[in-house]
Amino acid sequence: MKKMKISTKDNVEVMLSGEQAGHKLAAEDIKNGEQVIKYGYPIGVATADIKKGEWVHTHNLKSGLHGILEYHYEPDFSELEPLKERYFMGYPRKEGRPGIRNEIWVIPTVGCVNASARAVEKCFAHAIDGIDGVYAFPHPYGCSQLGDDAENTLDALVGLIRHPNAGGVLVMGLGCENTQMDKVKARLGAWDDDRVKFMICQEEEDEVETACGLVEQLIAFASKTKREPCPVSELLIGLKCGGSDGFSGITANPLVGHFADQLVAMGGSVILTEVPEMFGAETILMSRCRTTELFDKTVSMINRCKENFITHGCEVYENPSPGNKAGGISTLEEKSLGCTFKGGTSPVVDVLGYGEQAKVKGLNLLDGPGNDLVSATSEVISGAQLILFTTGRGTPFGVPAPVIKIATNSKLAANKKVWIDFNAGKLIEGSSMETVCGELFDYIVSVASGERQTKTEQNGARDFCIYRSGVTL
């Protein structure tokens, strides 16, 4: 059986093959109550004496995390050495980043008009010259919401309207919903009348017919835009993991982190979210905050998330999921440490609230949940043109922007070719990090340039999931 220690400080090693690949064995005797170390950090506390060579998992290991903590700013980061710029073929936009797709988006302000939005999408299911597709993004919200939830919905809608992958946008309202069109326009601010159209369904005799006419105008406008060379410094890429396993923190997440560092060193930007999956590794991110102000914002983001759990009477550390455990992850600390590797080693340059647009080049932290659909959508709302999603178990989901699915192990990559775009499992089979990262970078550039579609695009997986936490009237 092949096995490895990830760090010299570790007292466990990971099985690389066999039925329990990704699971842990004790590399030395561990006493009841002692910390279990993986990645060089504690991942929990032993609940029994563990002999060298014994299986270490949920039956003899528990989380060492608890409640809301106090933190102190202890900066520990270095700036990355700049790298030579690379280019992709993108769609220039009058304002903001270029798009990697030239699509027409139909966005309902309220769930009541979802069916009408879908009907418009169906009218344009055929191939259209100069357009990468017409897509509707139905959702259940926009009315009967209060407080933060109502604001989140408004911010989410505006984030989609602004998104660079949309060459044209039709915003469809009902007319009597809480998310009135005037509110959307006020939050949006200035817009290009040729690129964004608005329609209220209650004011039209046949809203689908009217909407299709407006989409025809958007197609005529958007199809004039052609791909041209754009620097990768204009890319903003969302980083996400889900259905993780014991290899996530060894292969796919470090690979994405290596890529993230290279992109940032070229002047580009990445977004790291999933706040509940920072618990146990949050101090690593805090130490990489460039300023005290960013440190304070990170602390507030972490504690606000914990307080939300507590307010709802839920266990803060009710994680990992059954699939994570089956894949070898035992505690939230273990999951979080592996998760944060996606952010690489660059300094934290900004901390964003839900729905806030990313503006500072580099590594951005984003307030959002761990849920795959909601958190990946939140990255798109903040402007990410593309999502990198690492997984050890596999999942078919997608969001409004293209998603590149990266397998942590070769078995998954081989078994689920219909879901997986890239295999990081090669990293434990002899391939070097530099080689595999180079392949991934080339793959990302080809997707951004429209030379290939992701599996989510091929499969039509395009969900739009808005975060909610409160009352529905």
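Residues numbered from 1 in each chain as written. Predicted model: local features only at pLDDT ≥ 70, side-chain atom pairs only at ≥ 80, totals over all residues. Heavy atoms only, no water.

**Some points on the overall build of the protein chain**
The secondary structure content of the protein chain amounts to 13 helices and 20 strands. Scaling as 2.2 N^0.38, a compact globule of 473 residues should have a C-alpha radius of gyration of about 23 Å, and the protein chain matches this with 23 Å. Reported as C-alpha extents along the three principal axes, the dimensions of the protein chain are approximately 75 × 45 × 40 Å. When each of the 473 residues of the protein chain is scored for burial, the buried share is 58%. Residue pairs at least 24 apart in sequence account for 72% of intrachain contacts in the protein chain once pairs closer than 6 positions are excluded. (Helix = DSSP H or I, 4+ residues; strand = E, 2+ residues; numbered from the N terminus. Rg over C-alpha atoms; globule rule 2.2 N^0.38 Å. Buried < 20%, exposed > 50% of the residue type's maximum accessible area, 1.4 Å probe, protein only. Contact = heavy atoms within 4.5 Å.)

**Section: the sheet that holds strand β15 (residues 269-272)**
What holds strands together in a sheet is hydrogen bonding between their backbones, with the strands either parallel or antiparallel. With parallel pairing, 7 strands are arranged side by side in an open sheet as β16-β17-β15-β14-β18-β19-β20. At either end of the open sheet lies a strand with only one pairing partner, and these are β16 (348-352) and β20 (422-423). Here strand β14 (residues 236-241) runs beside β15; their pairing, made up of 4 bridges, is parallel. When the bridges of β15 are listed, Leu239 appears paired with Leu272. (Pairing = 2+ DSSP bridges.)

**Things to note about the packing of aromatic side chains**
Tallying each qualifying case throughout the model produces 9 aromatic pairs. Both rings, one in Trp105 and one in Phe137, keep their centres 5.1 Å apart while their planes meet at 75°; by these two values the pair is edge-to-face. Of this pair, Trp105 sits in strand β9 (residues 103-108) while Phe137 sits in the loop between β10 (134-136) and α2 (147-162), and the two are 32 residues apart along the sequence. According to the relative accessible area criterion, Trp105 is buried, its value standing at 0%. Residue placement shows Lys405 over the ring face of Phe389; its charged tip is 5.9 Å from the ring centre. Over the ring of Phe422 we find Lys426, and its NZ or CZ is 5.0 Å from the ring centre. (Phe/Tyr/Trp six-rings, centres within 6.5 Å; stacked < 30°, edge-to-face > 60°. Lys NZ or Arg CZ within 6 Å of the ring centre and 35° of its normal.)

**Re the packing of α2 against helix α3 (residues 181-188)**
Where α2 contacts α3, the two axes come as close as 10 Å, and the packing angle between them is 65°. Remark: the crossing between α2 and α3 carries right-handed chirality. Note on element contacts: α3 touches α2 through Lys183, Val184, Arg187 and Leu188, opposite Glu151, Leu154, Asp155, Val158, Ile161 and Arg162. Of the residues that constitute the contact of α2 with α3, the class distribution is 5 nonpolar, no polar and 5 charged. (Axes fitted to C-alpha atoms, helices over the stretch in contact; angles between N-to-C directions. Left-handed = near helix turned anticlockwise from the far one by under 90°. Nonpolar A, V, L, I, M, F, W, Y, C, P; charged D, E, K, R; others polar.)

**Here we look at the environment of Trp191**
Within the secondary structure, Trp191 sits in the loop between α3 and β12 (196-200). C-alpha separation for the pair Trp191 and Ile161, spaced 30 residues apart in sequence, amounts to 9.4 Å. Discounting residues that sit within four places of it in the chain, Trp191 has contacts with Lys185, Val196 and Phe198.

**A look at helix α4 (residues 207-222)**
Between its terminal C-alpha atoms α4 stretches 22 Å, which fits the 22 Å expected from 16 residues at 1.5 Å a residue. Here α4 has its buried residues at Val208, Ala211, Cys212, Leu214, Val215, Leu218, Ile219 and Ala222. Buried residues of α4 fall within an arc of 165° about the axis and therefore sit on the same side. The N-cap of α4, judged by a side-chain oxygen 3.2 Å from the amide nitrogen of Val208 a few residues on, is Asp206. (Expected span 1.5 Å × (residues − 1). Arc of directions from axis to C-beta. Polar contact = N/O pair within 3.5 Å; in protein donor to acceptor, adjacent residues only side chain to side chain.)

**Concerning the sheet that holds strand β5 (residues 41-46)**
A sheet is described by the order of its strands in space; here 3 strands give the open sequence β4-β5-β7, paired in antiparallel fashion. At either margin of the open sheet sits one strand with a lone partner, and together these are β4 (35-38) and β7 (61-62). One ladder, built from 4 bridges, connects β4 with β5; its direction is antiparallel. From the neighbouring strand, Lys38 faces β5, where its bridge partner is Tyr41.

**Observations regarding the pairing of β14**
Summarising burial for β14: 6 of the 6 residues are buried, a large majority. Neither face of β14 is exposed, since Leu236, Gly238 and Lys240 on one face and Ile237, Leu239 and Cys241 on the opposite face are all buried. Read as a crossover between parallel neighbours, the route from β14 over helix α5 (residues 252-265) to β15 is right-handed. Bridge count between β14 and strand β18 (residues 386-391): 5 bridges; the pairing is parallel. Directly across from Gly238, in β18, lies its bridge partner Ile387. (Right-handed = clockwise from strand over helix to strand, strands pointing away.)

**A few points about the pattern of salt bridges**
Enumeration over the complete set of coordinates arrives at 19 salt bridges. Across the pair Arg86 and Asp442 runs a salt bridge, and its minimum N-O distance is 2.9 Å. With Arg86 in the loop between β7 and β8 (87-90) and Asp442 in helix α12 (residues 433-448), the pair connects residues that are 356 residues apart, well separated along the chain. Residue Asp442 is classed as partly exposed on the basis of its relative accessible area, which comes to 43%. A salt bridge links Lys306 to Glu282; the nearest nitrogen and oxygen atoms lie 3.8 Å apart. Of the two residues, Lys306 sits in helix α7 (residues 292-311) while Glu282 sits in helix α6 (residues 282-287), which places them 24 residues apart along the sequence. Beyond isolated ion pairs, a larger network of salt bridges with shared partners links Lys240, Glu274, Lys342 and Asp372. (Salt bridge = Lys/Arg side-chain N within 4 Å of Asp/Glu carboxyl O.)

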